Amino acid sequence: MNYKMIFYTIGRMVKLFGLTLLIPMIVAIGYGEDFLSFIWTILIIESIGFIFTFRKPKDLEIYSKEAIVSIALAWIIISLLGALLYIISGAIPYFFDAFFEMISGITTTGATILVDIESLPRGILFYRSFTNFLGGIGILIFILAISSNGNINAIFFLRAESTGPSRNKMTNKVKNTAIATYIIYFGITILCFISLLLTGLDWFDACTLSFSTAGTGGLAPKNQSVASYGNLGAEIVITIFMFIFSINFAVYFLIFTGKILLTIKNEELWTFVIIFFASIILVTIDIIDVVGGFWNALRYASFEVSSSISCCGFGNTDYNNWPTFSKSLLLLIMVMGGCAGSTAGGLKVSRVVGLVKSSKQKLLQVTNPRKVLNVKIDGKVQDESFINSLYFYFCIYVTILAISTLLLSLDPAVDVQTALSACIATFNNAGPGIGIVGPLGNYGSLASGSKFLLSYLMLLGRLEIFPMIIIFIPSTWKKKKNIIQKNSYDLL
Amino acid sequence: MKIVIAGCGKIGTSIIKYLCKEGHSITVIDQNKELINSIINVYDVGGVSGSCTSTVTLKEANINKCNIYISVTGDDETNFVSCKVAKELGAKKTICRFRDTDYTEQAELMRDLFGIDMLVNPEFAVAKDLFYRLRFPYSSEVSYFEKGRVISVEVKIPEGSPAANKTISEFVENNDSKIIVGAILREDNLEIPNGESLILAGDVLNIISTPENIDSVIKNMGIPYKRVKSVLIVGGSRISYHLSNLLFDIGVDVKIVESSTIRCKELAERLNSNVEIVQADGTNEQVLAEEGIESYDACLTLTGHDEENILISLFAKTNGVGTVITKLNNDKLVEILDKLELNGKISPKKVTVNQVLYFIRSNRAKEENTIEKLRMTMDDKLEILEFNVNGNDDFVSKEIKQLKIRPGVLIACIIRKGKIIIPSGEDYFDADDKVIVCAKSSVNSLDGILR
């Protein structure tokens, strides 16, 4: 373990995070609200970042393990520091609540403990949505984009923070990939912002909503989420952009670089599109009697499906009174989530595709043991180790979900459907579940312990499980360098 | 710059390593998918698995946008063909590695036939390197410029040397020697010195001058050495073949010990009959003793196995052979070699990397004063470069002391119309001069040494 390099990396992330707080501060000043709490928070964050980066380590070598550990710790530390603003400003005075809200923002979950959101100052509300935007792509990827060339180990960072089973680079170099990712992210966010302005929202709402949509976070500055606006245009725009942000950014990169043909072969993309529209049709048919009329049904169904599949978590209606089939379907697509390499949460479509395809092959193998496994994704044969990693991921995923549901049931405030849906919603970074944590409800009534558990689940989900588990394994922290790996670099 | 590298063998991987450090955008091609994956995991490069002669693979690697295509697979013919295909598909420059000695003789033909911009023959390059090493046996690394008329050597100052505890200018004036000290390596710290820099015992000095000057300076520094007149080579590789030819031409006795009968016959057919070829197992101590290892001035271990080479070198050293050079493919073993006090070592990988690097650097520079040669020495800490001066530059005809030279850069030598000038402040660059420069950081052009 190269501890110095871990601290240094965390320090750089913390410093950058502190600087981004200037943006909500300017908003607070603009509205003539209290901005001293921002200054204090920024000062604390920057001084901690300064301590961490005080001395640049001589040994810059890091490996997969160091990268994973620094990412995991950095997200925890940034969540703790970010929660300070809620506490200092008095918006959310209790630690567990502030911590929950911050993690919910930065992991793009969008679950909230706030009962009366609208009573908060606008600067804080802006900050809340802004954390969605920051967490969407990842803070470290931004550092990779702005840092100098030649860090040969940067690939490990890129992997630790991006989503999906195979984290391939769009370009040859990590730096260029990071830059491309950010350009795409900013570009689509600006489009979203302009479209929302055109639907008649004021700039504050358009800005916060586009931030929350971009990170597929779902923290809206209103008590009733998107439903409070009653603006059909805005709902359509958000539906479309939630969908856009759940697609692998590499697809946009390919389109941008004129390789549209390659995107047609992308199985993940088509599976996602098909499931998306199929779910809308099914839910529309199912709720047509409840909400009254086809157009209303289509409006609510498309919005809620888009919100669930992208694990965004906006609501334009309370689906608690919908038929059970629709609610279950929404939970199910929440588990699946969007495409790999997007800002969406969940298992990721590519994992589901791989799991389904290989399970089918394995089943065929039962009837004919001599059959050779042949799992092809995008026309390319996938090797056994990749398939095994999918099963492994899924196995841990289910285990964590089961254990956390059991633990959450200890909370006297929850019933079975709330416990399960709350775990699914936070673990997949979706946000609202069913029952008391429904789309227009909140997590405020849960016990502190439950909030802490769900906070941890959100971090687990955002960083795709492993980093947040690895830091609790003692052998990770042994100082000994991983000699086998180190040598293998030169023996290649 | 966009670079595509085909073949991730020993040489391919080390090229990737160095080019990555220089920040190029690299795509690698190899047929082995697992190898590609492990390289992508370690280095910041993109990868494509497939055959490098197939247009599908090359297109996937964006060959049409690539500036330089490097083909270093293990197979000569594949390299030639893939270079041609790459060029047809739009690669701007191609570099091709070949090893077969037959192609050495028809290198020009192959170059024209396949439109290759640079041919790399590592074995021949290594042989040439070894040749110069044997000419200056006291140096742990030798770089040669201008067909060997300017030499750079690395020597360690022994205890009690007359040069120790003197500044460079004191030493040079005392001995009236025309040399340039290009760099001083002291406990892992490399310094580009000036006249006031102090020489201490234990320092490793990089000295640049003409061969004759260097020989006399070495004497004055109190470093004992003996000219190499006879060489024992263990292992009949292609390097041995090229080296024997070179050595034979200057009248050095050469004996090659090779265990394979077939290879011995091949060598015997191709080499002059005065080069002695012995068919025996070179790892066998008795064989070496019988062949009179202790009577040779130098022993080179050039078998295909690093471990064997080290053992034979140790044996040679204990038998009192003055100069022992060990061929090593694995960089990690170098440290072990240092502990065993086997100072002479050569890495074929590094020689090739040097060649490829200078080609890429000189292609990056926009100006015409291109790099003629690039050498990385002193544990890769020092770069020695040879530039051609273009007449149009503004620094031409200005006195060197008027130019603002970047710190960490030293102008070592100017070669004007075949005359070698060790520059002082009053000297100047002229059109068509060749300039040799020592630098701590990478330099692409002669402009780049100015502030």
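The rules behind each value
Residue numbers restart at each chain and count upward from 1, following the sequence in its written direction. Chains carry letters and ligands carry numbers; both start at the beginning, A for chains and 1 for ligands, and go up in the order they are written. In view of the model being predicted, local features appear only for residues whose pLDDT reaches at least 70, and side-chain atom pairs are presented and counted only at 80 or more, with totals across whole chains, interfaces and linings using the full set of residues. As a convention, hydrogens and water are excluded, and side-chain values are obtained from all of the structure's heavy atoms. Only DSSP runs of H or I reaching four residues or more are called helices, and only runs of E reaching two or more are called strands; each is numbered from the N terminus. Type-normalised accessible area, obtained with a 1.4 Å probe on protein chains alone, sets the label of each residue: buried when under 20%, exposed when over 50%, and partly exposed for intermediate values. All accessible-area figures derive from a Shrake-Rupley calculation using a 1.4 Å probe, and residue coverage is judged against the displayed protein chains alone. Here Asp and Glu are counted as negative and Lys and Arg as positive; His is not counted, and neither are the chain ends. All charge positions are set by atom: Lys at NZ, Arg at CZ, Asp at CG, Glu at CD. In the sections that follow, a salt bridge refers to a side-chain nitrogen of Lys or Arg positioned within 4 Å of a carboxyl oxygen of Asp or Glu. How far a helix is expected to stretch is found by multiplying one less than its residue total by 1.5 Å. Residue contacts follow a heavy-atom distance rule, with two residues in contact if any of their heavy atoms lie within 4.5 Å. Should DSSP find at least two bridges between two strands, the strands are regarded as paired. Only buried residues count toward a nonpolar core. Its members are Ala, Val, Leu, Ile, Met, Phe, Trp, Tyr and Cys residues joined through side-chain atoms within 4.5 Å. The handedness of a crossover follows from its direction of travel: if, with the strands pointing away from the viewer, the path from the first strand over the helix to the second runs clockwise, the crossover is right-handed. Within 3.5 Å is the distance limit for a polar contact, defined as a pair of N or O atoms, with the added protein rule that one can donate a hydrogen and the other accept it, and that residues adjacent in sequence qualify only through two side-chain atoms. Think of each axis as a best-fit line through the C-alpha atoms, taken over the contacting stretch in the case of a helix, with angles from 0 to 180 degrees between the N-to-C directions. Put simply, angles under 35 degrees are roughly parallel, angles over 145 are roughly antiparallel, angles from 65 to 115 are roughly perpendicular, and the rest are oblique. For any helix crossing, the convention is left-handed if the near helix is rotated counterclockwise from the far helix by under a right angle, and right-handed if that rotation is clockwise. The classification used treats Ala, Val, Leu, Ile, Met, Phe, Trp, Tyr, Cys and Pro as nonpolar, Asp, Glu, Lys and Arg as charged, and all other residues, Gly among them, as polar.

K.L.:
Tell me about the overall build of chain B, residues and numbers included.
P.N.:
Tallying secondary structure elements over chain B gives 15 helices and 24 strands in all. For chain B, the spread of C-alpha atoms along the principal axes amounts to about 65 × 65 × 40 Å. Evaluated residue by residue, chain B yields a buried proportion of 56% over its 451 residues. Carbon and sulfur atoms provide 46% of the accessible area of chain B, an area that totals close to 19,200 Å². Averaged over its 55 positive side-chain charges, chain B has a centre that lies 4 Å from the centre of its 66 negative ones.

K.L.:
Kindly report on the pattern of salt bridges, identifying the contributing residues and their values.
P.N.:
When charged atoms on two side chains of opposite charge get close, those side chains can pair. Tallying each qualifying case throughout the model produces 25 salt bridges over all chains. A network of salt bridges, in which partner residues are shared, links Lys348(A), Arg351(A) and Glu464(A).

K.L.:
Please give an account of helix 10 (residues 203-214) of chain A that cites residues and values.
P.N.:
Residues and elements named next belong to chain A. With 12 residues, helix 10 should reach 16 Å at 1.5 Å per residue; the first-to-last C-alpha distance of 16 Å fits that figure. Extensive coverage of helix 10 is indicated by the burial of 11 of its 12 residues. Of all the residues in helix 10, the buried ones are Phe-204, Asp-205, Ala-206, Cys-207, Thr-208, Leu-209, Ser-210, Phe-211, Ser-212, Thr-213 and Ala-214. Tucked into the core, helix 10 has its buried residues touching helix 2 (22-30), helix 6 (122-137), helix 9 (174-198) and helix 11 (232-245). Thr-216 lies just past helix 10 and shows a positive phi near 40°.

K.L.:
Just give me the short version of the pairing of strand 7 (residues 142-145) of chain B, but keep the residues and values in it.
P.N.:
All names here are of chain B. Judged by which residues are buried, strand 7 turns out to be covered on both faces: Val-142 and Tyr-144 on one side and Ser-143 and Phe-145 on the other are all buried. Across four bridges, the pairing between strand 7 and strand 8 (residues 150-156) is antiparallel. Paired with Phe-145 across the two strands is Val-150, which belongs to strand 8. Where strand 7 folds back onto strand 8 in an antiparallel hairpin, the turn is made up of four residues, including Glu-146, whose phi is positive at roughly 50°.

K.L.:
Give a description of the nonpolar core that names residues and reports values.
P.N.:
In terms of nonpolar packing, the biggest core is built from 149 residues, with Phe17(A), Leu196(A), Leu209(A), Phe314(A) and Tyr443(A) touching the most fellow members. By residue number, the principal contributor to this core is helix 4 (residues 64-89) of chain A, which donates 12 residues. Dropping the residues within four chain positions of it, Leu196(A) is found in contact with Leu201(A), Ala206(A), Leu209(A), Ser210(A), Ala234(A), Val237(A) and Ile238(A). Formed by 50 residues, the second largest nonpolar core is a distinct cluster that contains Val120(B), Val353(B), Phe359(B) and Leu385(B).

K.L.:
Can you lay out the pairing of strand 15 (residues 253-258) of chain B for me, pointing to particular residues and giving the numbers?
P.N.:
All names here are of chain B. Counting buried positions along strand 15 gives five out of six residues, so the element sits mostly inside the fold. Two elements, strand 14 (residues 230-234) and strand 15, share five bridges in a ladder whose sense is parallel. Each residue of the ladder has a partner; that of Val-234, found in strand 15, is Val-257. Following the chain from strand 14 across helix 10 (residues 238-249) to the adjacent parallel strand 15, one finds a crossover that is right-handed.

K.L.:
Summarise the side chain of Ser70(A); cite the residues concerned and give the values.
P.N.:
Residues and elements named next belong to chain A. Inspection of the secondary structure puts Ser-70 in helix 4. Given the relative accessible area of 2%, Ser-70 is considered buried. A distance of 3.2 Å separates a polar side-chain atom of Ser-70 from the backbone oxygen of Ala-67. Beyond its immediate chain neighbours, meaning those up to four positions away, Ser-70 contacts Ile-6, Thr-9, Ile-10 and Phe-157.

K.L.:
Summarise unusual backbone geometry; cite the residues concerned and give the values.
P.N.:
Residue and element names in this part refer to chain A. One non-glycine residue, Ser-225, lies in the positive phi region at around 55°. A positive phi is found at Lys-348, a non-glycine position, where the angle reads about 85°. Within the fold, Lys-348 resides in the loop between helix 16 (324-336) and helix 17 (349-367).

K.L.:
I'd love a proper account of the sheet that holds strand 14 of chain B, names of residues and values included.
P.N.:
Residues and elements named next belong to chain B. With respect to topology, six strands assemble into an open sheet ordered 16-15-14-17-18-19, the strand pairing being parallel. Looking at strand neighbours, the two that pair on one side only are strand 16 (276-279) and strand 19 (344-346), the edges of this open sheet. Put simply, the sheet's adjacent strands are angled 20° from each other on average, direction ignored. This element, helix 7 (residues 122-135), spans strand 14, strand 17 (298-301), strand 18 (323-327) and strand 19 of the sheet and lies at about 165° to strand 19. In the packing of helix 11 (residues 261-270) onto the sheet, contacts are made with strand 15 and strand 16, and the angle to strand 16 comes to roughly 170°.

K.L.:
How would you explain the environment of Ala28(A) if you had to name every residue and give the values?
P.N.:
Residue and element names in this part refer to chain A. With respect to the secondary-structure elements, Ala-28 resides in helix 2. Ala-28 sits in the buried class, given a relative accessible area of 1%. C-alpha separation for the pair Ala-28 and Gly-123, spaced 95 residues apart in sequence, amounts to 4.1 Å. Once you skip the residues sitting within four places of it in the chain, Ala-28 turns out to touch Glu-33, Asp-34, Phe-35, Phe-38 and Gly-123.

K.L.:
Can you tell me about the packing of helix 1 (residues 3-20) of chain A against helix 3 (residues 36-52) of chain A, naming the residues and giving the values?
P.N.:
Residues and elements named next belong to chain A. Interaxial distance between helix 1 and helix 3 falls to 8 Å at its minimum, and their mutual angle equals 160°. Between helix 1 and helix 3, the interaxial angle falls into the category roughly antiparallel. Remark: the crossing between helix 1 and helix 3 carries left-handed chirality. Here Phe-7, Tyr-8, Ile-10, Gly-11, Val-14, Lys-15, Phe-17, Gly-18 and Leu-19 of helix 1 lie close against helix 3, whose contacting residues are Ile-42, Ile-45, Glu-46, Gly-49, Phe-50 and Phe-52. Looking at the contact of helix 1 with helix 3 residue by residue, the class counts come to 10 nonpolar, three polar and two charged.

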